[in-house]
Amino acid sequence: MIMPVRTLHEGREWPGDEKAVARFLGGDLTAFDLIVRHYSGMIFALASRLVGPWEAEEVVQETFLRAWRGLESFRGDASLKTWLYTIALNRAKARQGTLARMRKVFTSPRVNPEDDQPWPGDEAPDPAASPEEQAVAVEQRANLRKAIRNLPEEFRAAVVLRDLEGLSYDDIARVLSVPIGTVRSRIARGRAALLEELS
Amino acid sequence: MSANPQPRPFVTGDLDLLISRSLDGDLPGEEERELKSLLQADSAARARYDAMARLVGRLEELPDPEPPFALSTRVRTQIDDDTRGLAASLHRFGFYFRPATVGVVVFGIVAVVISSTIMVPPPKPVATVAEATDQSKVQPAPVPEEDGRVNVFFAESAKKADASPAAVPAAPAAPVRIAAAPAQNRIDEAKGKMRQEPVLVASAESPREKKEESVAFAPERDAQAPTAAAPAPPSAVTSRAVADERVAEGVSLQKAAGSDTTRLRASAPQAAGALRSAASAQVVGKAEGTLSFSTPARLDGLAGPFEGSYRLGLDGSGRVTDVARLVGGSGSEPSGLPARLKELTFAPVEAARAAGSVDVKVRLP
């Protein structure tokens, strides 16, 4: 008779937002591990697009620390992802403000030394592309990210949340705490600004 | 009037908004149709649409940045470091304390502690004047260590009358007895006068040739007895000592072991009822504070050192009917002591009658 083998991940499957939060509020601290494991990659991606990959980990740390302390205030009106994105966005803004002030003091405010550096993973080779095509693709991605970074903050957040994170207009309105009409306008103006930047 | 009017011209912002919403599928059917007709009629608008669609496609294809290795583990470790402590422990039981909540609680505790410290009422006097008349409310004070010196303290008011060396007894032999101090003493003591820093006006060794038997002294627990009940002191010195509340409070006589000399001894000011380690008989036990001697006990001629406790049976008038020594004590019992104790009477009579018996402690230095 073959007995099922117990795996390391048994009992660690993502139970869903509602159950994970309920377990955590009931005193099961391992439920928060599940939340971190499930959402840390998403929060890191968002933070990378807002403040760059070199500062993103700090934003992720602060985001989950705030989430730990305030999870009992999560009421389930929005998804846990939206709630975490709201925290991450605020932490990213605070981090960016701190970095901007530091750059203003120590370097030229127009120079961001991270803009010219390729992101981790950007140089991964595409087996179907020639080396020249790969180099062009890497350059285009770098230019696109630089253009995103140069967008005004309110447009950048709206475009990132919509086109890179795939949030709906309603969720973006919740994360940014603005009316949905403002979300539409910011996304359209952000895209137009990106076109101008890349042209 | 045409049935198919030309699409109204768009400003750039309006066109970008329509294109953006169209790309996201946010345009309702009517506006979507209007945009399509515009794009068919306007090549520039069509080019704008295509450019924005390519941009959105590029954005969506932008790869997600790779999270660093073991990011979730580091996040969890960081949280553990930052949330270690009581709050995290309580969290395991379902209790949550936000930092703001903890701050408010700590602030409240600090405020309560500070207010209780500042608003603490002034210390209550040991006894009020009214309470001083009630013997039961006056508590005894500890007796200071004896050092063999004679220190006589007199009040300012009594300075002129009693500061002379005549305060040291020179009277003929008289039995050492337990006399009653004036009731007024207790009132003044209760006013706190005696508990203030004394004014030292005399401090001297008593002449060693003075006889112990020549003076009487007022012990500490006899102030409740009415003045009239106390026998007249046999000497001027005793008279002064009894008359002056400060002397009555602070002065006692003791017989130095192995000698006939008597020392007039004064200790620091004491509360009413304070016990001294000089030759004395004192009420102890439950009756302490309610019963006092109304007839002095003759303790002269009894050889010490001795210390022992006795249970005295009382009759209806406060007289001692029988004497029983209790277990304990030190030294050998003087042979005449039980007979001397039988000479005692206690007051008030009502309390003595109710008590039936009283425990006393006898000490002979």
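Above this note sits the structure.
Parameters and conventions
- Residues numbered from 1 in each chain as written.
- Chains lettered and ligands numbered in written order.
- Predicted model: local features only at pLDDT ≥ 70, side-chain atom pairs only at ≥ 80, totals over all residues.
- Heavy atoms only, no water.
- Helix = DSSP H or I, 4+ residues; strand = E, 2+ residues; numbered from the N terminus.
- Buried < 20%, exposed > 50% of the residue type's maximum accessible area, 1.4 Å probe, protein only.
- Contact = heavy atoms within 4.5 Å.
- Areas by Shrake-Rupley, 256 points an atom, 1.4 Å probe, with all protein chains shown as cover.
- Core = buried A, V, L, I, M, F, W, Y, C linked by side-chain atoms within 4.5 Å.
- Patch = residues over 30% accessible without salt bridge, like charges linked within 9 Å, V, L, I, M, F, W, Y side chains within 5 Å.
- Salt bridge = Lys/Arg side-chain N within 4 Å of Asp/Glu carboxyl O.
- Phe/Tyr/Trp six-rings, centres within 6.5 Å; stacked < 30°, edge-to-face > 60°.
- Buried area = accessible area lost by both parts, 1.4 Å probe.
- Pairing = 2+ DSSP bridges.
- Axes fitted to C-alpha atoms, helices over the stretch in contact; angles between N-to-C directions.

**Student:** Lay out the overall build of chain B with the relevant residues and their values.
**Tutor:** What chain B contains, in helices and strands, is 13 helices and ten strands. The buried share of chain B, reckoned over its 365 residues, is 41%. Of the contacts formed within chain B by residues at least 6 apart in sequence, a portion of 76% connects residues at least 24 apart. On chain B, roughly 19,200 Å² of surface is accessible, and the fraction owed to carbon and sulfur atoms is 57%.

**Student:** If you had to explain the nonpolar core to someone new, which residues and values would you point to?
**Tutor:** By size, the foremost hydrophobic cluster in this structure holds 71 residues, and its most contacted members are Phe32, Ile35, Phe64, Leu71, Leu80 and Leu84 of chain A. Dropping the residues within four chain positions of it, Leu84 of chain A is found in contact with Ile35, Tyr39, Ile43, Thr63, Phe64 and Ala67 of chain A. Ala287, Leu299, Leu341 and Val362 of chain B belong to the second-largest nonpolar core, a separate cluster that totals 22 residues.

**Student:** Provide a residue-level description of unusual backbone geometry, including the pertinent values.
**Tutor:** Residue Pro348 of chain B is reached from Ala347 of chain B by a cis peptide bond, and omega for that bond is -5°. Within the element layout of this structure, Pro348 of chain B appears in the loop between strand S9 (345–347) and helix H13 (349–355). Positive phi values are uncommon outside glycine, yet Ser177 of chain A reaches one of about 55°. Take Ser177 of chain A: it is sitting in the loop between helix H7 (169–176) and helix H8 (180–198).

**Student:** Outline a nonpolar patch on the surface, supporting the account with residue identities and numerical values.
**Tutor:** Residue and element names in this part refer to chain B. The grouping of Val102, Val106, Val110, Ile114, Ile118 and Met119 at the surface amounts to a nonpolar patch, some 580 Å² of accessible area in total. Of note, Met119 is situated in the loop between helix H6 (99–118) and helix H7 (129–132). Take Met119: its relative accessible area is 67%, and that puts it in the exposed class.

**Student:** Outline the packing of aromatic side chains, listing residues and values.
**Tutor:** Aromatic rings in a pair are described by how distant their centres are and how their planes are angled relative to each other. Residues and elements named next belong to chain A. Inspection of the entire model under this criterion finds six aromatic pairs over all chains. Between Phe24 and Trp68, the aromatic rings sit 5.2 Å apart at their centres with planes inclined by 65°, giving edge-to-face as the arrangement. Pair noted here: Phe24 is in helix H1 (residues 17–25) and Trp68 is in helix H3 (residues 53–70), with a separation of 44 residues, a long-range link. By the burial criterion, Phe24 is buried, and Trp68 matches it. Taking the centre distance of 5.4 Å and the plane angle of 55° together, the rings of Phe74 and Trp83 count as tilted. Here Phe74 falls in the buried class, since its relative accessible area comes to 13%. Among the aromatic residues, those joined into a cluster by ring pairs are Phe24, Phe32, Phe64 and Trp68.

**Student:** Please set out the interface of chain B and chain A residue by residue, giving values where relevant.
**Tutor:** On the side of chain A, 48 residues touch chain B, which itself brings 36 residues to the contact. In total, about 3,900 Å² of surface goes out of reach between chain B and chain A, with carbon and sulfur atoms giving 64% of it. Its largest share of buried area at the contact with chain A, chain B owes to Leu59, Leu62 and Pro65 of chain B, together 16% of the area lost on that side. Here chain B is connected to chain A by seven salt bridges.

**Student:** I'd like a description of the sheet that holds strand S10 (residues 357–364) of chain B, backed by residues and values.
**Tutor:** Residue and element names in this part refer to chain B. Within the open sheet, the four strands sit side by side as S5-S10-S7-S8. Their pairing is antiparallel. The sheet terminates laterally at strand S5 (280–284) and strand S8 (320–325), the two strands that pair on one side only. When the angles between neighbouring strand axes are averaged without regard to direction, this sheet yields 30°. One ladder, built from five bridges, connects S5 with S10; its direction is antiparallel. Counted as the bridge partner of Val284 is Asp359 from S10.

**Student:** Kindly report on the pairing of S5 of chain B, identifying the contributing residues and their values.
**Tutor:** Counting buried positions over the five residues of S5 of chain B gives five, a clear majority of the element. On S5 of chain B, burial covers both faces: Ser280, Gln282 and Val284 of chain B on one face and Ala281 and Val283 of chain B on the other are all buried.

**Student:** Give a description of the pattern of salt bridges that names residues and reports values.
**Tutor:** All chains considered together, the criterion is met by 21 salt bridges over all chains. The partner of Glu57 of chain A in a salt bridge is Arg74 of chain B, and the shortest N-O contact between them spans 2.6 Å. Taken as a pair, Glu57 of chain A in helix H3 and Arg74 of chain B in helix H4 (residues 71–82) lie in two separate chains rather than in one. For Arg74 of chain B, a relative accessible area of 33% gives the class partly exposed. Within this structure, Arg162, Asp163 and Arg191 of chain A together with Asp24 of chain B form a network of salt bridges that share partners.

Remember, this is a structural readout, not a statement about activity or role.
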